[in-house]
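Here's the letter readout for the chains.
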Amino acid sequence: MATINFTDFEGQTRTVDAAAGDSVMETAVRNGVAGIVGECGGSLSCATCHVFVAPEDFESLDPMGEMEDEMLYGTAVDREENSRLSCQIKMCEGQTLNVATPETQV
């Protein structure tokens with residue numbers, strides 16, 4: 001198992017267990033985490049799963065692909081240096097990840 005700490009726009013944090021190999025978006029949607037929409041189901045075509053990865057966790061992630069980078073320009077809330085699409089972040093066994101959701105996804 002892995003752990004994801006989701007912090008919403010108001011500062012409330014919810015901790016959710018994640019299966020290794022599942023994406024952050026899949027885990028959020030499966031557990032009803034507010035702030036992650038995932039309209040496209042993870043096909044990298046909507047940008048409604050935008051998250052801000054905690055700086056201490058950002059460098060440990062696999063690098064962002066070109067398509068994800070382009071999609072982040074279409075988010076409802078402006079991207080930041082630590083922005084990622086949560087459908088593109090796969091969890092690893094024993095990993096703990098801290099992400100914050102933007103004020104809105106649409």
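Residues numbered from 1 in each chain as written. Predicted model: local features only at pLDDT ≥ 70, side-chain atom pairs only at ≥ 80, totals over all residues. Heavy atoms only, no water.

S.K.: Explanation requested: the environment of Cys-92 in the structure shown.
M.R.: As for its position among the elements, Cys-92 is in the loop between strand E4 (83-85) and strand E5 (96-100). Each C-alpha atom, one on Cys-92 and one on Ala-19, is 7.9 Å from the other, the two residues being 73 residues apart in sequence. Excluding anything up to four places from it in sequence, Cys-92 contacts Ala-2 and Ala-20. (Helix = DSSP H or I, 4+ residues; strand = E, 2+ residues; numbered from the N terminus. Contact = heavy atoms within 4.5 Å.)

S.K.: Can you walk me through the nonpolar core in this structure?
M.R.: Note that soluble globular proteins tend to have their nonpolar side chains buried in a common cluster. Ranked by internal contacts, the top residues of the largest apolar core, which has 25 residues, are Phe-6, Val-53, Leu-85 and Leu-97. At the level of secondary structure, the elements contributing two or more residues to this core comprise strand E1 (2-7), strand E2 (13-18), helix H1 (24-30), strand E3 (50-53) and E5. Excluding its chain neighbours within four sequence positions, the residues that come into contact with Val-53 are Phe-58, Leu-61, Asn-82, Arg-84, Ile-89, Leu-97, Asn-98 and Val-99. (Core = buried A, V, L, I, M, F, W, Y, C linked by side-chain atoms within 4.5 Å. Buried < 20%, exposed > 50% of the residue type's maximum accessible area, 1.4 Å probe, protein only.)

S.K.: Help me understand the sheet that holds E1, please; the structure alone is not making it clear to me.
M.R.: Hydrogen bonding along the main chain pairs the strands of a sheet, whether they run parallel or antiparallel. In space, the five strands of this open sheet follow the order E2-E1-E5-E3-E4, with mixed pairing throughout. Only two strands of the sheet have a single partner each, and these edge strands are E2 and E4. Averaged over neighbouring strand pairs, the angle between their axes works out to 35° when direction is ignored. Summarising the sheet, E1 and E5 pair through five bridges and their orientation is parallel. Counterpart to Ile-4 in the pairing with E5 is Leu-97. (Pairing = 2+ DSSP bridges. Axes fitted to C-alpha atoms, helices over the stretch in contact; angles between N-to-C directions.)

S.K.: Help me understand the pattern of salt bridges in this model?
M.R.: Where charged atoms from two side chains of opposite charge come close, those side chains can pair. Per the stated rule, a full pass over the model turns up three salt bridges. The residue Arg-84 makes a salt bridge to Glu-68 at a minimum N-O spacing of 2.7 Å. Linking Arg-84 in strand E4 with Glu-68 in helix H3 (residues 66-71), this pair joins segments that are 16 residues apart in sequence. Here Asp-69 ties to Arg-79 by a salt bridge, and the two come within 2.8 Å at their closest N and O atoms. Placement of the pair is Asp-69 in helix H3 and Arg-79 in the loop between H3 and E4, with a sequence separation of 10 residues. On the basis of relative accessible area, Asp-69 is assigned to the partly exposed category, the value being 29%. You can call Arg-79 partly exposed: its relative accessible area is 24%. (Salt bridge = Lys/Arg side-chain N within 4 Å of Asp/Glu carboxyl O.)

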